[in-house]
Protein chains: 2
Amino acid sequence: MDSRQQILNRSNELKEVFLPHLSADPVIFGFDQNELKVLLLKMNYRKQWLLPGGYVRKDEDLDEAVVRILKERAGITDVYLEEFGVFGKKNRSEFYFEDFDETLFHKQRFVTIGYYALYNPDRFNLIADEFSETCEWIYLSKLPEIVLAMDHRDIIEKALLTLREKISHKPIGYNLLPEKFTLSELQKLYEVILGKELNRGNFYRKIKNLGILKKLDEQRKGGAHKAPDLYSFDEENYLKALENGLSSW
Amino acid sequence: MDSRQQILNRSNELKEVFLPHLSADPVIFGFDQNELKVLLLKMNYRKQWLLPGGYVRKDEDLDEAVVRILKERAGITDVYLEEFGVFGKKNRSEFYFEDFDETLFHKQRFVTIGYYALYNPDRFNLIADEFSETCEWIYLSKLPEIVLAMDHRDIIEKALLTLREKISHKPIGYNLLPEKFTLSELQKLYEVILGKELNRGNFYRKIKNLGILKKLDEQRKGGAHKAPDLYSFDEENYLKALENGLSSW
DNA sequence: ACAAAAGTGTTAATAATACACCCATGG
DNA sequence: CCATGGGTGTATTATTAACACTTTTGT
């Protein structure tokens, strides 16, 4: 079955189950190789990259929809999610399905709600769903090279801006780093998100004083130099810090 | 024509013109009597208070819709507007139109986009539209006494929280104060939004150093005491400060 | 005269920033 | 030995906060 036929078949089913005109697009950030990356799908149809978005069932809350979409399209669960913007230009998806007729579910006008999510890529294997050719992490530095569908580039940019503002007030990292990590990995994450270098000594003291880290009895072996200590987040204090907010960075 | 019949008549017209399932609700803040207030309508139907929300035309951007809604329902134009949240619980409006049948446009499930707006109440006369009995500014302190429809109380609360966070990073007041105002009026506004008292001397220096005020060659006459100087915002610097953000308050 | 307003000085506490040094250790 | 990491000291600068005093001026 070609991708065009596949989409046509799905359309009527979608009309039954989902609200028209409304979609949700999660921007899922990961951290790897000292760089931020975003989870994107390449649809069979059109070969453009897309956020792993989806629609809202008539019988579910919007919140529930995003969680479900994330699970269905990327196999992701238990993730920190936050709404960061609404994208409602009337022609934002005008051209994408232009070679279908107006009755296609997908071709409606959609207002989409943007959510950002932080996720540690180590924790799952990427499996593209039936409509997608691949599901891949794309480094932010590679984004300019790929073709993103509709306004998804704008959505990603706004998500990144929101993430940057967020990290100045709330701790981040719980979902972006592996369970065990070193201090310099954490620092790199902050530097990459904030887009500037931080002083190591000051970072060390500040993060320590937050009390959100637990020092483990292990080191990361195998490097060329002294084995760095491993840390993990102290869940309880981390959540407390999320509520109260931090001083600025 | 009673209010029930009025709603029924409107329903089919609405289905033609507007997107289903999607609405926008502006929370319009005003400042008066040293207190914040919110613009609300009391619908003829049901006599509950509502935000002056509306629907999104099939042929307009979401942004345009909010501007139009504000104008149609409250006669407000040229206002600072910002999206602050999406409210999408599946049953959020379940009971409001319960004595109509399912074909009524209004009775659909709606996901609503919340916007907050700041507006100087001096600048217009309130005129309730044809569906509303009254259109009034309600002081925040009076909110607990009135009956708000659906989840509109939650929406207002979230708007207020967002406003409070915003004022710590961006200047506010341009649209909330009359064109000419005194420093103590501005300070009162900040105090009311932040919910705490500020030191006068420090406030004076800080606001001066921001350079967003122009001191006018006038005083406010007529008070019982020394006539306070009048200020207005320096539009250019005000906008600059909006972009760059401030230090915290 | 009084009370509100404008403007300034001062100080203490705290936070942010930048550097520099020490030690430890794996290879 | 040396590069990296861990840990600490310290000086500088800004920012916030609290308070107090002066001067101005409308009624």
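Residues numbered from 1 in each chain as written. Chains lettered and ligands numbered in written order. Predicted model: local features only at pLDDT ≥ 70, side-chain atom pairs only at ≥ 80, totals over all residues. Heavy atoms only, no water.

Chain A is annotated in an unreviewed UniProt entry as NUDIX domain-containing protein of Chryseobacterium taichungense.

Enquirer: Honestly, the relation of the copies chain B and chain A in this entry has me stumped. Any pointers?
Expert: The relation between the two chain copies is a rotation about an axis coupled with a shift along that axis. Relative to chain A, chain B is turned by 179° and slid 0.0 Å along the rotation axis, the superposed coordinates differing by an RMSD of 0.2 Å. One copy is carried onto the other by what is essentially a two-fold rotation axis. Interface overlap between copies: 100% of the residues of chain B at the interface are likewise at the interface in chain A, consistent with a symmetric, same-surface contact. (Least-squares fit on C-alpha atoms with pLDDT ≥ 70 in both. Contact = heavy atoms within 4.5 Å.)

Enquirer: What's the story with the interface of chain B and chain A in this structure? I'm lost.
Expert: As a measure of interface size, the accessible area lost when the parts come together is often cited. Listed per partner, the contact involves 23 residues of chain B and 24 residues of chain A. Between chain B and chain A the total buried area reaches about 1800 Å² when both faces are included, carbon and sulfur atoms providing 56% of it. The largest per-residue losses of area from chain B upon contact with chain A belong to D61, K90 and R109 of chain B, which jointly make up 26% of the total buried on that side. Counting the contacts that link chain B with chain A gives six salt bridges. Taking the shortest distance from any N to any O, the salt bridge between K90 of chain B and D61 of chain A comes out at 3.9 Å. At four residues, the largest contribution of residues to the side of chain B that touches chain A is made by strand β1 (residues 18-32) of chain B. (Buried area = accessible area lost by both parts, 1.4 Å probe. Salt bridge = Lys/Arg side-chain N within 4 Å of Asp/Glu carboxyl O. Helix = DSSP H or I, 4+ residues; strand = E, 2+ residues; numbered from the N terminus.)

Enquirer: How do you make sense of unusual backbone geometry when you look at a structure like this?
Expert: Leave glycine aside and you will find that most residues have negative phi; peptide bonds, for their part, are mostly trans. Residue and element names in this part refer to chain A. You will see that N34, though not glycine, has its phi angle at about 55°, which is positive. Along the chain, N34 falls in the loop between β1 (18-32) and β2 (35-43). Look at N34 and you get partly exposed, because its relative accessible area is 40%. (Buried < 20%, exposed > 50% of the residue type's maximum accessible area, 1.4 Å probe, protein only.)

Enquirer: Would you mind showing me how to read the packing of aromatic side chains here?
Expert: Aromatic ring pairs are described here by two measures, namely the spacing of the ring centres and the angle between the planes. Considering all chains together, one arrives at 26 aromatic pairs over all chains under this definition. Summarising the aromatic geometry, the rings of Y55 of chain B and F110 of chain B are spaced 5.0 Å apart at their centres and angled 25° between planes, so their arrangement reads as stacked. One end of the pair, Y55 of chain B, is in strand β4 (residues 54-57); the other, F110 of chain B, is in the loop between β5 (80-87) and β6 (111-118), and 55 residues separate them in sequence. Judged by relative accessible area, which is 18%, Y55 of chain B ranks as buried. When the centroid spacing of 6.4 Å and the interplanar angle of 40° are considered together, the rings of F84 of chain B and Y116 of chain B count as tilted. Here Y116 of chain B lies in strand β6 and F84 of chain B lies in strand β5, a separation of 32 residues in the sequence. Each member of the pair, F84 of chain B as well as Y116 of chain B, is classed as buried. An aromatic cluster is built from F18, Y55, F105 and F110 of chain A, whose rings are joined through pairwise contacts. (Phe/Tyr/Trp six-rings, centres within 6.5 Å; stacked < 30°, edge-to-face > 60°.)

Enquirer: Teacher, can you tell me more about the packing of helix α3 (residues 152-167) of chain A against helix α4 (residues 183-194) of chain A here?
Expert: Each packed pair of helices is defined by two parameters, the angle between the axes and the distance between the axes. Residues and elements named next belong to chain A. Two numbers describe how α3 lies on α4: the axes approach to 9 Å, and their chain directions differ by 125°. The orientation of α3 with respect to α4, classified from their angle, is oblique. Seen along the crossing, α3 lies across α4 with a hand that is left-handed. Here α3 contributes L163, R164 and I167 to the contact with α4, which in turn contributes Y190, I193 and L194. Of the residues contributing to the contact of α3 with α4, the split by class is five nonpolar, no polar and one charged. (Axes fitted to C-alpha atoms, helices over the stretch in contact; angles between N-to-C directions. Parallel < 35°, antiparallel > 145°, perpendicular 65-115°, else oblique. Left-handed = near helix turned anticlockwise from the far one by under 90°. Nonpolar A, V, L, I, M, F, W, Y, C, P; charged D, E, K, R; others polar.)

Enquirer: What is the right way to look at the protein's contact with DNA strand D in this model?
Expert: Neighbouring DNA strand D are 24 residues; R200, R205 and K215 of chain A together with N202 and K226 of chain B lie closest to it. Those atoms of DNA strand D that come within 4 Å of the protein belong to sugar or phosphate at a rate of 55%. Here R200 of chain A contributes a side-chain N or O atom positioned 2.8 Å from a base oxygen of DNA strand D. Secondary structure elements with two or more residues in the surface near DNA strand D: α5 (200-210) and β9 (229-233) of chain A together with α5 (200-210) of chain B. (Near = heavy atom within 4 Å. Polar contact = N/O pair within 3.5 Å; in protein donor to acceptor, adjacent residues only side chain to side chain.)

Enquirer: It is not clear to me how the environment of F84 of chain A should be interpreted in this structure. Could you clarify?
Expert: In this structure F84 of chain A comes out as buried when scored by relative accessible area, which is 7%. For the pair formed by F84 of chain A and Y116 of chain A, sequence separation is 32 residues and the distance between their alpha carbons is 6.9 Å. Among all residues touching F84 of chain A, those that are not within four sequence positions of it are V27, G114, Y115, Y116, I155, K158, A159 and T162 of chain A together with E83 of chain B.

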